[in-house]
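Breakdown of the fold
What follows is each chain in one-letter form.
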Amino acid sequence: MSPSSSAKARILVKDDNDVVIVAAVRSALTKSRKGGFKDTRPEEILSGVLRAAYTGANLDPALIEEIAVGNVLPPGGGATAARMAALHSGIPHTTPLNTVNRQCSSGLAAVNQVANQIAVGQISIGIGAGVESMTFGWGSGSLPDGWSEDVLTNKEAEDCLIPMGITSENVAAEFGISRERQDEFAAQSFQKAVAAQKAGKFKDEIVPLRVKITDPKTEKVVEIVVDADDGIRDGVTSASLAKLKPSFKKDGSTHAGNASQVSDGAAAVVLARRSAAKRLGLPILGKYVAASVVGVPPRIMGVGPAYAIPKVLERVGLSKDDVDFFEINEAFASQAIYSIEKIGIPFGKVNVNGGAIAFGHPLGCTGARQIATGLSIARQRNERVFVTSMCIGSGMGMAAVFVSEH
């Protein structure tokens, strides 16, 4: 047995001290300012997802000892809205909560925080979640009115202010990733997502939420049920994407069709020590194994997964071939292609039901959303080990290893 396959056998072994997942759900992801959640505040989306997570596991909410919520654009800059969501969802005020902001990895950082609290014995049960309403949070209002001139004399500090789209152009130029390849990758993301949606493959992970929406034509307020990702478009091809103008540079290759969509949504993952889950008769869906974060040059921030994934695999002794599939956030086609090829992952193992280019990237939500999606894919394909990863604005990458126990 090779060292890596023995490591795989080792992580499949069940131990009472494992950090296990007893529920992992998400809302639908909807188009910012246009989609199903355009009139729904983030705390309402989060509340519905939190309630579905603990009730789905048949868990008494009084037993939840910690909640961490990934949120990049929190209203007022604090954790108040997330705390309100938890209380509204039926979780008692005795359960503490914090928000966490590591940009695009915030949902995974929240899960990682709670998993670590369980691992060191601080708590036995907690929720790692993520939420973003880019309808209400995204835009110039979320930016400061200036920066320290002294700090900006440091080139890498200044590079942190490069718009994300330009970092995508930097990756494409530096590593020779053509517009054609980016468009082909993006079209495949849409095609995989359309096929998955038509086959009902997202149904298990999505919590239908009843919300009010204002009809833009009649201005009438009506109640709807949001239960499907509304950014997924049928009929997208590399030829149709080739017609779109570059968004960030005249001669650039990044555009609205090969970058992640601006979206609204939430996700939640309920974690527990295995011994506690067994004692309470909670359903065990899988387990958290490990996570790693790395730093990379801010000007090419999108390369983060290319370094975070090998680091977490090395930490647990796995080879890339031991991993059944990967969920890698498609911030931009350029950086996703680079990361996949740099590590040497077959494209067929990545984002098998499509990715953020097709259904969106609500910043704080994605890291938790990928876990719900990953567990769903593992059940559908009868696979065990998966990795989630994303690049992070300002130059970082994060990755984590999970095992499905379906």
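Quick note: structure is the one above.
This structure is a prediction, so every number in the text was calculated from the model and none was measured. Here, residues in each chain are numbered from 1, in the same order as that chain's written sequence. Restriction of local features to residues with pLDDT of at least 70 applies here, the model being predicted, together with a cutoff of 80 or more for giving and counting side-chain atom pairs; totals for whole chains, interfaces and linings are based on all residues. Side-chain numbers here rest on the full set of heavy atoms in the structure, without hydrogens or water.

1. Concerning the overall build of the chain
Within the chain, the regular secondary structure consists of 14 helices and twelve strands. Between the two quantities, the radius of gyration covers C-alpha atoms and the globule rule is 2.2 Å times the number of residues to the power 0.38. Over its C-alpha atoms the chain spans a radius of gyration of 20 Å, differing by no more than 12% from the 22 Å that the globule rule assigns to 406 residues. Along the longest, intermediate and shortest principal axes, the C-alpha atoms of the chain span 65 × 60 × 50 Å. Across the 406 residues that make up the chain, the buried fraction comes to 57%. Method for areas: the Shrake-Rupley scheme with a 1.4 Å probe, in which residue coverage is limited to the protein chains shown. Of the roughly 16,400 Å² that the chain leaves accessible, carbon and sulfur atoms contribute 52%. One finds the centroid of the 43 positive side-chain charges in the chain at a distance of 4 Å from the centroid of its 41 negative side-chain charges. The helix count covers DSSP runs of H or I at least four residues long, the strand count covers runs of E at least two residues long, and both are numbered beginning at the N terminus. Residue exposure (1.4 Å probe, protein chains only): buried if accessible area is under 20% of the type maximum, exposed if over 50%, otherwise partly exposed. When charges are counted, Lys and Arg are positive and Asp and Glu negative, with His and the chain ends excluded. Every charge is mapped onto a representative atom, which is NZ of Lys, CZ of Arg, CG of Asp or CD of Glu.

2. A closer look at the nonpolar core
The term nonpolar core refers to a set of buried residues drawn from Ala, Val, Leu, Ile, Met, Phe, Trp, Tyr and Cys, joined through side-chain atoms within 4.5 Å. Residues Leu46, Ile127, Leu271 and Val401 are the most contacted members of the largest nonpolar core, which totals 118 residues. The contact criterion used throughout is that any non-hydrogen atoms of two residues lie within 4.5 Å. Sequence-distant contacts of isoleucine 127, that is, excluding residues within four places in its chain, are made with Leu50, Ile64, Glu66, Ile67, Ala68, Ile91, Val114, Ala268, Val269 and Val270.

3. Things to note about empty space enclosed by the protein
Cavity means a closed set of points on a 1 Å grid over the protein atoms alone, one where a 1.4 Å probe fits but cannot get out, pocket means an open set with protein on both sides within 12 Å along at least 5 of 7 lines, and lining means a residue has an atom within 4 Å of a point. Grid points are joined across faces, edges and corners, and a volume is the space filled by probe spheres set on the points. Within the structure shown, the criterion is met by one cavity of 30 Å³ or more. Volume-wise, the largest cavity comes out at about 50 Å³. Along its surface, the largest cavity is lined by Pro42, Glu43, Leu46, Asn71, Pro74, Pro75, Gly78, Ala81, Ala82, Thr99 and Val131. For the lining of the largest cavity, the secondary structure elements donating two or more residues are helix H2 (42–56) and helix H3 (80–88). When residues of the lining of the largest cavity are assigned to their parent elements, the largest contribution, three residues, is made by H2. Three classes are used, and their members are as follows: Ala, Val, Leu, Ile, Met, Phe, Trp, Tyr, Cys and Pro are nonpolar, Asp, Glu, Lys and Arg are charged, and the others, Gly among them, are polar. Partitioned by chemical class, the residues of the lining of the largest cavity number seven nonpolar, three polar and one charged.

4. Looking at the pattern of salt bridges
What counts as a salt bridge is simple: a side-chain nitrogen of Lys or Arg found within 4 Å of a carboxyl oxygen of Asp or Glu. Taken as a whole and assessed by the stated rule, the structure comprises 16 salt bridges. Here lysine 8 ties to aspartate 324 by a salt bridge, and the two come within 3.6 Å at their closest N and O atoms. Remark: aspartate 324 occurs in the loop between helix H11 (304–316) and strand E10 (325–328) and lysine 8 occurs in helix H1 (residues 3–12); sequence separation between them is 316 residues. Like lysine 8, the residue aspartate 324 is buried in the burial classification. Because the salt bridges share partners, they merge into one network encompassing Asp18, Arg274, Lys287 and Glu405.

5. Let's talk about the state of the cysteines
Simply put, disulfide is the name for a covalent bond between the sulfur atoms of two cysteines. Our working definition of a disulfide is a cysteine sulfur pair at a distance within 2.5 Å. Per the counting criterion, the structure on display carries zero disulfides. There is no disulfide at cysteine 104, and the cysteine sulfur nearest it, in cysteine 391, is 5.9 Å away. Assessed through its relative accessible area of 11%, cysteine 104 is described here as buried.

6. Regarding the pairing of strand E3 (residues 67–70)
In regular strands, side chains alternate between the two faces of the sheet. Here E3 shows no split at all, with Ile67 and Val69 on one side and Ala68 and Gly70 on the other all buried. Pairing of E3 with strand E4 (residues 97–100), which is carried by four bridges, proceeds in the parallel orientation. Directly across from glycine 70, in E4, lies its bridge partner valine 100. In this view, the connection linking E3 to its parallel neighbour E4 by way of H3 has right-handed handedness. In terms of strand pairing, E3 meets strand E5 (residues 125–133) through four bridges, oriented parallel. In the sheet register, glycine 70 faces E5, and the bridge partner there is glycine 130. Two strands qualify as a pair provided DSSP detects at least 2 bridges between them. By convention a crossover is right-handed if, when the strands point away from the viewer, the path from the first strand over the helix to the second runs clockwise.

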